Amino acid sequence: MLNHPPIAVGILGADDRPDIVETIRSVRCVGLPIHVAVTARRSLLEGFDGVIQHVIHWNEDFSSARNQLLEQIDSDFVLWLDSDERLLSFPEIDVSRLEEDFYTVHLQADRWTTPGRSARFHRNHPLIRWHGSVHEQPLKNGQLPPYSSRMLPGAAIIHWGYEDPEILAGKNERNVAIAQCGLNRGELLFGELLSLAKSETSLGLFNFMRWLQCFRHPEIQPNAIDYDRRSEAAYMLCTCGYNRFAQDLARANPLIVRLQLGLLADGWRKHRALDATRFEFLLTVLQNGLFDQRYSFSVELVGCSHDQLTRYIHALTAEWGERREIMNTTTTTDSFDPTATYRRNDDVQEETIEEDLILMHYPTLKAVVLNPIAAVLWDALRWPQSATDLASLLHEAFPQEDATAQHTHAEEVLAQLAASGLIQPS
């Protein structure tokens, strides 16, 4: 006979908001016991049958809070809910037949997108602990759980806390404050980096380098055919014209709808034409429910028509034009003097991706991608250079090329760098 329950629910409930009552009621409807982490006992939670409060120390770290609560839960498995979520469905389970340590559940993040999956159900094992101060993840022996096949059938959670703009703004401020601690210590965990990237984007300050660092963060590099946590960053980079990562991920998994949408919208923005093959493929996926259900996208597209998909892509392109047109694809020559000498500006960040050199002027958040030849000219701008100086460097390196064309190329590169704030007259 068991001396402890097979399954219990853990909730972080120290934020003093009354929404947690609805969360508790949804869980008690299926008879699961509840453990709530609080910084001081809450009278609001007194009198609920099957609810135990545990006083923990809050130190601006969600994983620490979860781990403190986890140490006080004695069940075989733990299901985690946030205080602004409700348990929509949970199956009757014989836990003796659960062989894995981690399981994902359906999570409806908001009413506008299709459900995704979240690793919210895991074995109560001493080696399993949560990691990350914000956007935290459960780990076993320091390894992330696999997402590919471990789905707990019949379990669904609805997150309903993002519909109130004031609550959402408060969450963003809190997460950014937590992420700031990572900046202060000189390193950012993935969740902290993601919080900063999302917050800046919501304010209209699209930080290309931040999303690039999200994509390349070592914590989220893919394993085999598992769920690819880089997909959000790949999509966001695609919104500003850098679609290399979206192309790569869409080839690896063509059923990620959001990436296909991003590539279609980027193509329409650049060429005023839709890729007919990609469009028809995506339309077939949406009309037949063939999309990868681990990746969320706009729920209005499920079963959409040809015209509906077309309108959505056009609207998406218009939104990008208004909010996130960062990568400079045109050359502005109004403030460029081809006879002047230029040098690098301060506050320029650099990242190299294969043969591309990406530069961003941090104060203005303007970014450009340089091909290998343009990257050589950028390297030369460590010292003051004119278009004529740079053309001479090109001619020395490539004497077989036309000198006039090289001079024109040098002027074009300087004009693009000047328009993005990356160089200034010396």
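As the structure is a prediction and not an experimental result, all values here were calculated from the model.

J.: Let's hear about the overall build of the protein chain: which residues, and what values?
T.: Each helix and strand in the protein chain was counted, giving 13 helices and 16 strands. When each of the 426 residues of the protein chain is scored for burial, the buried share is 49%. Nonlocal contacts in the protein chain, meaning residues at least 24 apart in sequence, comprise 64% of its contacts between residues at least 6 apart. With the model as given, the accessible surface of the protein chain reaches about 20500 Å², and the carbon-plus-sulfur share is 50%. Of note, the protein chain has its 38 positive side-chain charges centred 5 Å away from the centre of its 58 negative side-chain charges.

J.: Before we move on, can you summarise helix α9 (residues 276–288) with the specific residues and values?
T.: An ideal rise of 1.5 Å per residue puts 18 Å on 13 residues; α9 measures up with 18 Å between its terminal C-alpha atoms. Considered for burial, the residues of α9 that qualify are Arg 278, Phe 279, Leu 282, Leu 283, Val 285 and Leu 286. The arc that holds every buried residue of α9, seen down its axis, measures 160°, which confines them to one face. Residues of α9 that are exposed and point more than 90 degrees away from the buried face comprise Ala 276, Thr 277 and Asn 288. The opening residue of α9, the one whose side-chain oxygen lies 3.1 Å from the backbone nitrogen of Thr 277, is Asp 275. Gly 289 occupies a position one or two residues after α9 and carries a positive phi of about 65°.

J.: Give me the lowdown on the sheet that holds strand β16 (residues 423–425), citing residues and values where you can.
T.: Taken in spatial order, the 3 strands make up an open sheet running β15-β11-β16, and their pairing is antiparallel. Edge positions in the sheet fall to β15 (385–386) and β16, since each of these pairs with one other strand and no more. Two elements, strand β11 (residues 341–344) and β15, share 2 bridges in a ladder whose sense is antiparallel. Counted as the bridge partner of Thr 341 is Ser 386 from β15.

J.: Tell me about helix α2 (residues 62–70), and please be specific about residues and values.
T.: Most of α2 is tucked away: 8 of the 9 residues are buried. By the burial criterion, the buried members of α2 are Phe 62, Ser 63, Ser 64, Ala 65, Arg 66, Asn 67, Leu 69 and Leu 70. Where α2 begins, one side-chain oxygen reaches toward the backbone nitrogen of Ser 63, 2.9 Å away; that side chain belongs to Asp 61.

J.: Residues and numbers for the packing of aromatic side chains, please.
T.: By the definition in use, this model includes 11 aromatic pairs. Aromatic pair Trp 58 and Phe 62: ring centres 4.9 Å apart, planes at 65°, arrangement edge-to-face. Here the aromatic rings of Phe 77 and Phe 121 are separated by 5.1 Å at their centres, their planes lie at 5°, and the arrangement is stacked. With a gap of 44 residues between them, Phe 77 in strand β4 (residues 77–82) and Phe 121 in strand β7 (residues 116–123) connect regions that are remote in the sequence. By the burial criterion, Phe 77 is buried, and Phe 121 matches it. Each residue in the set Phe 77, Phe 90, Tyr 103 and Phe 121 is aromatic and connected to the rest through ring pairs, giving one cluster. Sitting over the face of the ring of Trp 130, Arg 66 holds its NZ or CZ atom 4.8 Å from the ring centroid.

J.: Give me the nonpolar core: which residues, what numbers.
T.: Within the largest apolar cluster, 53 residues are counted, with the highest numbers of intra-cluster contacts made by Phe 208, Trp 211 and Leu 309. Ile 24, Leu 79, Phe 90 and Val 95 belong to the second-largest nonpolar core, a separate cluster that totals 26 residues.

J.: Go over the side chain of Ser 231 with me, naming the residues and quoting the values.
T.: Positionally, Ser 231 belongs in helix α6 (residues 231–239). Judged by its relative accessible area of 11%, Ser 231 falls in the buried class. For Ser 231, the contacting residues outside a window of four places in its chain are Leu 249, Leu 259 and Tyr 295.

J.: Explain the sheet that holds strand β6 (residues 102–108) residue by residue, including any values.
T.: An order of β3-β2-β1-β4-β7-β6-β10-β5 is seen for the 8 strands of this open sheet, with the pairing classed as mixed. Since the sheet does not close on itself, it has two edges, and those belong to β3 (51–55) and β5 (85–89), each with one partner. Between one strand axis and the next, the sheet turns through 35° on average, direction left out of account. Relative to β7, β6 runs antiparallel, the two sharing 5 bridges. Within β7, the position partnered with Leu 107 by the bridge is Gly 116. Strands β1 (7–12), β2 (34–38), β3, β4 and β7 of the sheet are contacted by α2, whose axis makes an angle of about 145° with β1.

Calculation notes
- By convention here, each chain's residues receive numbers from 1 onward along its written sequence.
- Local features are withheld for residues below a pLDDT of 70 in this predicted model, meaning they are given only at 70 or higher, and side-chain atom pairs are given and counted only at 80 or more; totals for whole chains, interfaces and linings count all residues.
- Working from all heavy atoms in the structure, the side-chain values ignore hydrogens and water.
- Put simply, DSSP marks the helices as runs of H or I at least four residues long and the strands as runs of E at least two long, and each gets a number from the N terminus on.
- The buried label applies to any residue whose accessible area, calculated with a 1.4 Å probe on protein chains only, is under 20% of its type's maximum; exposed applies above 50%, and partly exposed to all values in between.
- Any two residues having at least one pair of non-hydrogen atoms within 4.5 Å are treated as being in contact.
- Shrake-Rupley sampling with a 1.4 Å probe provides the accessible areas, and residues are treated as covered by the protein chains on show and by no other component.
- Neither His nor the chain termini are counted; the positive set is Lys and Arg, and the negative set is Asp and Glu.
- The atoms used to mark charge sites are NZ of Lys, CZ of Arg, CG of Asp and CD of Glu.
- A helix is expected to span 1.5 Å multiplied by its residue count minus one.
- This arc describes the spread of directions from the helix axis toward the C-beta atoms.
- Each polar contact in these results corresponds to two N or O atoms within 3.5 Å; when the atoms are within protein, one needs to be able to donate a hydrogen and the other to accept it, and residues that are neighboring in sequence are counted only if both atoms are side-chain atoms.
- Here, any two strands with at least 2 DSSP bridges between them count as paired.
- Within 6.5 Å between ring centres, the rings of Phe, Tyr and Trp (the latter by its six-membered ring) count as paired, and their orientation is classed by plane angle as stacked under 30 degrees, edge-to-face over 60, tilted in between.
- Definition used: whenever NZ (Lys) or CZ (Arg) falls within 6 Å of the ring centre and also within 35 degrees of the ring normal, the charge is taken to sit over that ring.
- We define the nonpolar core as a collection of buried residues of types Ala, Val, Leu, Ile, Met, Phe, Trp, Tyr and Cys that are connected through side-chain atoms lying within 4.5 Å of one another.
- Each axis is a line fitted through C-alpha atoms, and for a helix only the stretch in contact is used; angles between axes span 0 to 180 degrees, taken between their N-to-C directions.

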